[in-house]
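Understanding the architecture of this molecule
Here's the letter readout for the chains.
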Amino acid sequence: MESSIKVPSSMPENFKPFEGHLEPLDETCSAQIAFDHPIKQSELKYDLHKHNLNMQILRNQEGLAAPLKITMELQSVNKVGRLPFLPSSNALRDSLTGRDERIEFSDFLNTEENSELMRQPHAVVEKSLGLL
């Protein structure tokens, strides 16, 4: 019988699954697993960027009054309150921003009526008023 040949391990000490331009600069395993793709950050800021761009275009075409009016309307709509235990549909804000014309995942997934969180109205109002 021949003796077996020992092959040295070629595994690197640090976890490095791919070599490419999207590779994180940190060499630790946890940093590479928790790496966020740059498109994710872009998608999170999409609505804000689109709103700012629309306001800039509106300012160039109509003047300063039109974007100021829309901004004041959005701020006043955001201040409208409901009782703390009632979910808000934000229909007026959606119509001002144009979101009412889009259908997204959040429109039919994870809606308030399908939420598993059920709170007692009296307890929620008392807590929001600081009576507890």
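Scroll up for the structure.
As a starting point, this report considers the structure included with it. (Residues numbered from 1 in each chain as written. Predicted model: local features only at pLDDT ≥ 70, side-chain atom pairs only at ≥ 80, totals over all residues. Heavy atoms only, no water.)

1. Describing the overall build of the protein
What the protein contains, in helices and strands, is seven helices and zero strands. Listing every helix and strand of the protein by position from the N terminus yields α-α-α-α-α-α-α. Relative to its full complement of 132 residues, the protein shows a buried share of 8%. Taking as baseline every contact in the protein between residues at least 6 positions apart, the subset at least 24 positions apart corresponds to 24%. Accessible area of the protein: about 12,100 Å², with a carbon and sulfur share of 57%. (Helix = DSSP H or I, 4+ residues; strand = E, 2+ residues; numbered from the N terminus. Buried < 20%, exposed > 50% of the residue type's maximum accessible area, 1.4 Å probe, protein only. Contact = heavy atoms within 4.5 Å. Areas by Shrake-Rupley, 256 points an atom, 1.4 Å probe, with all protein chains shown as cover.)

2. Considering a nonpolar patch on the surface
Side chains of I103, F105, F108 and L109 sit close together on the surface and give an oily, nonpolar patch of about 510 Å² of accessible area. The residue I103 is located in the loop between α5 (91-97) and α6 (105-108) in this model. (Patch = residues over 30% accessible without salt bridge, like charges linked within 9 Å, V, L, I, M, F, W, Y side chains within 5 Å. Salt bridge = Lys/Arg side-chain N within 4 Å of Asp/Glu carboxyl O.)

3. Some remarks on helix α4 (residues 65-79)
Its 15 residues give α4 an end-to-end C-alpha distance of 21 Å, which sits within 8% of 21 Å, the value for a rise of 1.5 Å per residue. If you check which residues of α4 are buried, you get P67, L74 and V77. Take α4 and look down its axis: the buried residues cluster within an arc of 90°, on one side only. Turned more than 90 degrees away from the buried face of α4, the exposed residues are A65, K69, M72 and K79. If you follow the buried residues of α4, they end up packed against α3 (46-62) and α5. (Expected span 1.5 Å × (residues − 1). Arc of directions from axis to C-beta.)

4. Digging into the pattern of salt bridges
Overall, the coordinates contain four salt bridges when judged by the stated rule. Here R99 makes a salt bridge to D94, at a shortest N to O gap of 3.6 Å. Judged by relative accessible area, D94 falls into the buried class, the value being 11%. With a closest N to O distance of 3.3 Å, R99 and E104 form a salt bridge. You can call E104 partly exposed: its relative accessible area is 28%. Sharing partners across several salt bridges, the network here consists of D47, D94, R99, R102 and E104.

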